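Commentary on secondary and tertiary structure
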Amino acid sequence: MPNIKSAIKRVELGKARMIKNAAAKSTLRTTIRRFEESISTDSETAALALKKATRALDKASSKGLIHKNLAARKKSRLTKRFSKQFSQVG
């Protein structure tokens, strides 16, 4: 534990950020998981879930929670899965 007052504050801020970031990442993973679960249902539900997942990835990327290329890659893969699943059915 640091002795200097400003260093103590920085440690506390780091802990607070860690908790906030962990919660945000958890929410992001849940959103993506809900999309993956919705693929087995109808296309409308899956399309809505894809839109939410894409939005969540964009937000996480803009906030610096994940890298922009990671967000782009995940969006691309999710969209590809959606298209593959529902182009066969259509």
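The rules behind the values
Residues numbered from 1 in each chain as written. Predicted model: local features only at pLDDT ≥ 70, side-chain atom pairs only at ≥ 80, totals over all residues. Heavy atoms only, no water. Core = buried A, V, L, I, M, F, W, Y, C linked by side-chain atoms within 4.5 Å. Buried < 20%, exposed > 50% of the residue type's maximum accessible area, 1.4 Å probe, protein only. Helix = DSSP H or I, 4+ residues; strand = E, 2+ residues; numbered from the N terminus. Contact = heavy atoms within 4.5 Å. Phe/Tyr/Trp six-rings, centres within 6.5 Å; stacked < 30°, edge-to-face > 60°. Expected span 1.5 Å × (residues − 1). Arc of directions from axis to C-beta.

Turning our eyes to something else, we now look at the nonpolar core. With 17 residues, the main nonpolar core has Leu28, Phe35, Leu57, Ile66, Leu78 and Phe82 as its most contacted residues. When residues in this core are grouped by element, the largest group, seven residues, is from helix H2 (residues 43–62). What Phe82 contacts, discounting residues up to four positions off in sequence, is Phe35, Ser43, Ala46, Ala47 and Leu50.

Looking now at the packing of aromatic side chains. Throughout the structure, instances matching the rule amount to one aromatic pair. Considering the side-chain rings of Phe82 and Phe86, the 5.0 Å spacing of their centres and the 55° angle between planes classify their relative orientation as tilted. Residue Phe82 and its partner Phe86 are located together in helix H3 (residues 68–89), separated by four residues, close to a single helical turn. Each member of the pair Phe82 and Phe86 is classed as buried.

Moving on, we get to H2. Between its first and last C-alpha atoms H2 spans 28 Å; for 20 residues at 1.5 Å apiece the expected length is 28 Å, and the two agree. Along H2, the residues that are buried comprise Ala46, Ala49, Leu50, Ala53, Ala56, Leu57, Ala60 and Ser61. What you see down the axis of H2 is that its buried residues fit within an arc of 130°, all on one side. Turned more than 90 degrees off the buried face of H2, the exposed positions are Glu44, Leu48, Lys51, Lys52, Arg55 and Ser62. Taken from the residues just after H2, Gly64 is the one with a positive phi, measuring 85°.

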